Amino acid sequence: MDFTVPPFKATVPGQSELLMYGDDAGNFEEGEYPLTAENYEEAYNDAEFQEIHTFLADGGDRFGVSAVAFDLQEQLLWMGNQGGHVTSYYGPGMQKYTSFQVHSNQDVRQISTFEEGVLALTQSTLRCQQRRGIPVFTHSSDNMMEMQCMLQMAPSTMVMGGHQSKLILFDISRAAETGVVGVGENGCAIIRRHGRYLCTGNPLGVVELRDPRSLHLEHSLEAHTGSLSDFDVHENLLVTCGFSARSDGMAVDRLLMVYDLRMMRAISPMQVLVDPLLLRFLPTFSSRLAVVSAVGQFQLIDTVALDEPDICLYHTNSVGAMCLTFDVSSNCQCMAFGDNDGSIHVFSSQPEAIFNNFSSNTTFADAVETLPALGINDAITPLSSIPMPYCQGRLASDWPEKLLRKVYRPTPPIDPFTLKNLKMVGNIGYAPNPGVFRRNQVAYKPWKSGPKGMKKMYGSDAANSKDDGSFVAIPKKYRKIEVKYSKMGVDDFDFDYYNKTGFSGLEAMLPNSYCNAMLQLLYYTDTVRAALESHLCQREFCLACELGFLYFMVDRSQGFPCQASNFLRAFRTIPEASALGLILSDENNSKMNANLPLLIQNFNRFILHQIHFEILDAKKCENYLESARAEFQGPITAPFVYQEKDFPSIMGSGVRNSRNYKEETIEAAEIPQESQESRPVSPVAENELSNIFSTRQTSQHKCIKCGREGSKETTQLLWNLTYPDMSEVKAQISFCDVLTKSLGRVQVIKTWCEVCNNFMPTKHSRKISKLPPILALNCGIDSPNDKEFWQIQMDYLVQKAQEGAQSLKDDSPAPVAGPPSSGKPCRYGDKCMRTGCRFKHAGRAGESATPVSNSHLYYNNAWLPLHIQADVGDNGQLFIRKKSESGDEADNVPFSSSQHIEYDLHAVVCYVNDPANPDKKNLVSLINVGPRYHERSLGSPVSQWYIFNDFSITPVQAQEAVWFSLDWKIPCVLYWISKELKSQPEPLIQNPITLDVFREDNNLAQSGRKMITFTPLSAEEMPSQGDLVAMDAEFVTLNQEESELRSDGKTNTIKPSHMSVARITCIRGQGPQVGEPFIDDYISTSEQVVDYLTKFSGIKPGDLDANFSSKHLTTLKSTYQKLRFLVDIGVKFVGHGLKNDFRVINLVVPSEQVIDTVHLFHLPHHRMVSLKFLAWHFLNTKIQSVTHDSTEDAKTALQLYHHYKKLEATGGVAAALKELYATGKRMQWKVPGTE
């Protein structure tokens, strides 16, 4: 955040107490608000210093700025970073001058300038360079080990010190050391010059005064008990800052220690408003001092006691970075600060500042003389006018004769698919366009060399597969859909064209929206949806709460797509998600380069464990409160604090690579249970999620060397499929066999053995004791071998089907049934010669006699079954087999079964790969929506499969879910649901949001200047159904809009701006306090704001920061719950442009509960009228004169609504609207006197 705080006038009564703010410190008149930013046109001109530049230094994206120094001879600012790089910038415009590396890996500790060049000190070297960047010398020796500081004593003499026991005297002209002086084991961290002494400071808080000639110790001052941070000396005063030793460590001293060098004693210390880290005397003042804190604040104080001192407090635009270094120019017109984020902040006291009053001229590089341009079509200028370089060898343009022959490009061969479906009419052949290239164009494939015998296993590119006739086009329902933006945003985009089902999809315009497929899968799982919508906790960023809010929106959006913006906002703050690589950046190529199959599988694992632990945490806190109330018989405050160590980590031992991640046991998914089954499980240890996803198992391990055995009872929420090596695949293996091996996998890995006292090969095995109602699987097709295994198993089934069809054909003359006809007539009619044509042919009898194509054999003979059944034995045996549609069981269970469970395939998440368009790769989910949801939403209790492609929803056949074409459609996630769970009644959803949300209002602002601009609702004022509530919201921009200029001069929006709510105001619409706000919350944000939109929002830098805000600052979740409560009880919201407000807030409000003045005062097929113009025209008031204010806008909207009701009662609405538009056209829709 970038703002400047001007000086505040304060008095010092009795020279004892400094009063910063008066009683009216929090109330500012119009135009007098103290916080301003450099990003806006109006700056605060009363401040002594203004921040004129904040820029990223060279290498700032990797290293922080460790040293800055103003050149004492020229108009240059020098910077050194933690990567050993030095850069100079010219003048107040910060034009880059020179840049060079002084050390490969050591940070630059200090920079000093002299007449001939610049000196850069690192940990073990001293580098001298000319200002133009030419190196002079590099010095290192055994005496230079932990160098920290240096000071030039004479034109050719300097002294260096560090965290070692000696000072080094150095001759710059000879580049050699001239002497060494011992300073004790504490060393020397800071060196300053004085007229009579050489002042040195050590890390233990002691300042030593030495003779400048002999360097012998004269005096010693113990300034701080902990450590010395910085000090400076001017005339007779020495001022220090540092740390004091405490029992629990060291703490920053808020007092600056001041010493009079004439009497060699301490005088009254000076108190500052910041935590001092660095300090400097201002060179042109005798008593001014600049004190800098680690967070980027700095204060200018006067060492002379004044009757009315000025408090000058400033803040750099550091955005939370730590300030590491700063310097002041010789004429005190500029200050420079460097932070650990690699940024440099420059403050100036003059509009056109200079660094030195008398500077030498800076030498710049000579401008390169450019030759006159020569047009490519210029036939007049002789080519001899172009200078030719001298070279001894042959010219590159002197080509050999064999390359000068005319060779005509051969015509590419015709696509075999085209030849196969060619229909000859005379000498002309007709064939359908396979979609490989555009009409009337022939694509010439570039010749590429490669190793002989290389063959692509799965042809996924249409252009590459046309030679062998294996071209497969991706159906439209699987393709990624690009949303076309306009001036109206997405309001004029036809979402209904892609969704005719009445279900609600999810928009995919926000970063990390790849997870939409999993969010939709969990939503259409009734038990999960009910558990999430019934959950509510006090944690600010809780994914379970945000999913509950999102699913509540989807329930009530009536087919219109929703945004998961609040969920993704909370998702970006979870550190585990970032550690697992689940957070994609906002760059366009981040998703293009991401491994989407691995990403969605990791997200599946992460989201199940995260919401499990969040619900578990909430239940643990609730149970604690209930037990405490029962014990103390009264209301108490919950002391429970969530700690990650109390629960199993979802990250395990770290992020593993994709292959090993799948191969290893998911230790992070294991939840400890009681070892004895007779002991009851604690109610806190289980919740709604663990009851339906947890597989109970016994993990056994046995040391191969010593035979030591052990076991433990665990539960697991998610399983990874593991596949056999291709060398072991000798025959057909069913999916049930693979699933059985994955659940009861036996592996040998090295683990610690207590008997052998070493890491030994240990056999690990699992025995399943109970299967869950919902079985969640990650397919784990991460390598070509896994994909080849799937393909081979599908080939086995197709080959078996073909053999069965051939034997049937030999035994009976009846034709083999062909693919089902689509009902559409074929474009070639009865002349069609295509094999396996799926269209109707007029006059052709026996459509079913068409031979079966391979594509339909793969479609009808899937390796993945739709129904399976499993039995668990008493001793952990597991028997899984396919269950037919008729329910016949062909296999008998070979053991005594303790659990028999039947599963139906519930959902599949697939990766859609389009190699021709890497930016179009996609994730879709195929979900079997049950009869309960159909009956509740559409009124028809049916079961139907759908493809959910973000906001595109298409009904499909059940076979579509288990059919895969591995060149473009790859399964990633499988969810199986038991028949018993499906037959249970629909779970009840308890609304967790109650009236208590208005009683749990906490202000996050910590500045001490808190302004309350609203009156909370009393118990008698609680609104009821049909009551009016005026509302308005203000927003800030997190990401700017991305657009491109088209050839016709119009702009095309590629990605809209990402907005975030910053302020929400709700006003009473009736009652004795009508027009009084009862909600006026500023929303705290941890994300970087690129534009506060102050002119349109009234939000200023610092308003949303808890450290500096004087507003009523809350979390988005807290205010969101208040709005949800108002929506649930049925209030009517009055406002202007509420549709966009609710969209950014991420809240769905029924249309009957919204009264929008933008629609009340609107004529069809005419422009929308602004609130500012409506207020001037109807209410004769002028609003939004300087900035927008949500309280003012909400009150104005309420008054306009009452005015509309009066017009409606008198029948004057039509005439008033006609007069409104006539006045608007005459005034060009501008309010006189304000624009």
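Predicted model, so just to flag it, every value in this text is computed and none were measured.

A word on the pattern of salt bridges
Item 1. In the structure shown here, the tally under the stated rule is 35 salt bridges.
Item 2. Linking aspartate 1080 and arginine 1063 is a salt bridge whose minimum nitrogen-to-oxygen distance equals 2.9 Å. One end of the pair, aspartate 1080, is in strand 51 (residues 1077–1083); the other, arginine 1063, is in strand 50 (residues 1058–1068), and 17 residues separate them in sequence. We note that aspartate 1080, like arginine 1063, is buried.

Examining the UniProt feature "binding site: a divalent metal cation" (unreviewed entry) in the chain
Item 1. If you check UniProt for "binding site: a divalent metal cation" (unreviewed entry), the listed places come out as Asp1032, Glu1034, Asp1141 and Asp1193 in our numbering. A maximum C-alpha distance of 12.9 Å is found for the annotated residues, which run over 162 residues; spatially they form one tight group.
Item 2. Among the structural elements, aspartate 1141 can be located in helix 20 (residues 1138–1145).
Item 3. Among residues more than four places away in sequence, those in contact with aspartate 1141 are Asp1032, Ala1033, Phe1035 and His1136.

What about the pairing of strand 8 (residues 117–121)?
Item 1. Burial analysis of strand 8 places five of its five residues in the buried class, which makes it a mostly covered element.
Item 2. Pairing geometry for strand 7 (residues 110–114) and strand 8, over five bridges, is antiparallel. When the bridges of strand 8 are listed, isoleucine 111 appears paired with alanine 120.
Item 3. From the end of strand 7 to the start of strand 8, which pair antiparallel, there are two residues.

Topic: the environment of isoleucine 311
Item 1. Assignment of secondary structure puts isoleucine 311 in strand 27 (residues 310–315).
Item 2. Residue isoleucine 311 is classed as buried on the basis of its relative accessible area, which comes to 5%.
Item 3. C-alpha of isoleucine 311 to C-alpha of glutamine 299: the two residues are 12 residues apart in sequence and 7.5 Å apart in space.

A short note on the pairing of strand 10 (residues 135–139)
Item 1. In this structure, strand 9 (residues 126–129) lies alongside strand 10, joined through four bridges in antiparallel fashion. Each bridged residue has a counterpart across the sheet, and for glutamine 129 the counterpart in strand 10 is proline 135.
Item 2. With antiparallel pairing between neighbouring strands as the criterion, strand 9 and strand 10 make up a hairpin whose turn holds five residues, including glycine 133 at a positive phi of roughly 105°.

Overview of the sheet that holds strand 13 (residues 166–171)
Item 1. Pairing in this open sheet of four strands is antiparallel, and the strands run 11-12-13-14 from one edge to the other. Edge strands, defined here as strands with exactly one partner in the open sheet, are strand 11 (147–154) and strand 14 (176–182). On average, adjacent strands in this sheet sit at an angle of 25° to one another, irrespective of strand direction.
Item 2. Sheet analysis places strand 12 (residues 157–162) next to strand 13, joined by four bridges and oriented antiparallel. Across the sheet, the residue bridging to threonine 157 is aspartate 171, located in strand 13.

Considerations on the sheet that holds strand 15 (residues 190–193)
Item 1. Spatial strand order, 15-16-17-18: four strands in an open sheet with antiparallel pairing. In this open sheet, the two strands that pair with only one neighbour each are strand 15 and strand 18 (217–222). If you compare each strand with its neighbour and ignore which way they point, the axes differ by 20° on average.

Some points on the packing of helix 4 (residues 526–533) against helix 5 (residues 543–556)
Item 1. The geometry of helix 4 relative to helix 5 is characterised by a closest axis approach of 8 Å and an angle of 110° between their N-to-C directions. In terms of orientation, helix 4 lies roughly perpendicular with respect to helix 5. In terms of crossing hand, the pair formed by helix 4 and helix 5 is left-handed. Counting all contacts with helix 4, which are made through Arg529, Leu532 and Glu533, the residues of helix 5 involved are Ala544, Leu547, Gly548, Tyr551, Phe552 and Asp555.
Item 2. Classifying every residue of the contact of helix 4 with helix 5 gives five nonpolar, one polar and three charged.

Examining the packing of aromatic side chains
Item 1. Applying the stated rule across the entire model yields 49 aromatic pairs.
Item 2. Ring geometry for phenylalanine 735 versus tryptophan 863: centroids 5.7 Å apart, planes at 85°, classification edge-to-face. Taken together, the residues span a long stretch of sequence, with phenylalanine 735 in helix 12 (residues 735–743) and tryptophan 863 in the loop between helix 14 (854–860) and strand 40 (867–873) at a distance of 128 residues.
Item 3. Of the residues examined, phenylalanine 735 reaches a relative accessible area of 1% and is grouped as buried.
Item 4. Centre to centre, the rings of phenylalanine 1173 and tryptophan 1176 are 5.4 Å apart; their planes meet at 55°, and the pair counts as tilted. Here phenylalanine 1173 pairs with tryptophan 1176, and both are found in helix 22 (residues 1171–1179), just three residues apart, close to one helical turn. Comparing phenylalanine 1173 with tryptophan 1176 shows no difference in burial state: the two are buried.
Item 5. Of the aromatic side chains, those joined through ring pairs into one cluster are Phe503, Tyr523, Tyr524, Tyr551, Tyr933, Tyr946 and Phe948.

The rules we used
Residues numbered from 1 in each chain as written. Predicted model: local features only at pLDDT ≥ 70, side-chain atom pairs only at ≥ 80, totals over all residues. Heavy atoms only, no water. Salt bridge = Lys/Arg side-chain N within 4 Å of Asp/Glu carboxyl O. Helix = DSSP H or I, 4+ residues; strand = E, 2+ residues; numbered from the N terminus. Buried < 20%, exposed > 50% of the residue type's maximum accessible area, 1.4 Å probe, protein only. UniProt positions renumbered as here; feature names shortened; annotations may be inferred. Contact = heavy atoms within 4.5 Å. Pairing = 2+ DSSP bridges. Axes fitted to C-alpha atoms, helices over the stretch in contact; angles between N-to-C directions. Parallel < 35°, antiparallel > 145°, perpendicular 65-115°, else oblique. Left-handed = near helix turned anticlockwise from the far one by under 90°. Nonpolar A, V, L, I, M, F, W, Y, C, P; charged D, E, K, R; others polar. Phe/Tyr/Trp six-rings, centres within 6.5 Å; stacked < 30°, edge-to-face > 60°.

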